[in-house]
Amino acid sequence: NQKLEALGRLTGGIAHDFNNLLQTISTGLQLIELKSTDPVVKRAVESSQRAVGNGASLSRQLMTFGRV
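These remarks concern the structure in this document. (Residues numbered from 1 in each chain as written. Predicted model: local features only at pLDDT ≥ 70, side-chain atom pairs only at ≥ 80, totals over all residues. Heavy atoms only, no water.)

**Some words on a nonpolar patch on the surface**
Here's step 1: Nonpolar side chains collect at one region of the surface, where Leu4, Leu7, Leu10, Ile14 and Phe65 lie side by side and expose about 480 Å² of accessible area between them.
Here's step 2: When residues of the nonpolar patch are assigned to their parent elements, the largest contribution, 4 residues, is made by helix H1 (residues 2-35).
Here's step 3: Relative to the elements of secondary structure, Leu10 occurs in helix H1. (Patch = residues over 30% accessible without salt bridge, like charges linked within 9 Å, V, L, I, M, F, W, Y side chains within 5 Å. Areas by Shrake-Rupley, 256 points an atom, 1.4 Å probe, with all protein chains shown as cover. Salt bridge = Lys/Arg side-chain N within 4 Å of Asp/Glu carboxyl O. Helix = DSSP H or I, 4+ residues; strand = E, 2+ residues; numbered from the N terminus.)

**Let's talk about the side chain of Ser59**
Here's step 1: The residue Ser59 is located in helix H2 (residues 39-67) in this model.
Here's step 2: Using a relative accessible area of 1% as the deciding quantity, one classes Ser59 as buried.
Here's step 3: Ser59 has contacts with Ala15, Phe18 and Asn19, leaving out every residue within four places of it along the chain. (Buried < 20%, exposed > 50% of the residue type's maximum accessible area, 1.4 Å probe, protein only. Contact = heavy atoms within 4.5 Å.)

**With respect to the packing of H1 against H2**
Here's step 1: For the pair H1 and H2, interaxial distance at closest approach is 8 Å and the crossing angle is 160°. One way to sum up the angle between H1 and H2 is to call them roughly antiparallel. The element H1 and its partner H2 pack so that their crossing is left-handed.
Here's step 2: A class-by-class count of the residues in the contact of H1 with H2 yields 15 nonpolar, 12 polar and 2 charged. (Axes fitted to C-alpha atoms, helices over the stretch in contact; angles between N-to-C directions. Parallel < 35°, antiparallel > 145°, perpendicular 65-115°, else oblique. Left-handed = near helix turned anticlockwise from the far one by under 90°. Nonpolar A, V, L, I, M, F, W, Y, C, P; charged D, E, K, R; others polar.)

Okay, here's the thing in structure tokens:
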């Protein structure tokens, strides 16, 4: 039981740090989106934003596991 609790705490901590990284990436993507008029860049940013969203979903799942 202690091992599972330790794993949960570790998972929650990693998820929290990962979420912080995703927030930084998301902010950078928003700035690029605002500054660029190039349609190729816009498509790349949109694709990257979807990936960040998927990462955020994974992070939430990990945080949920960390609380259980």
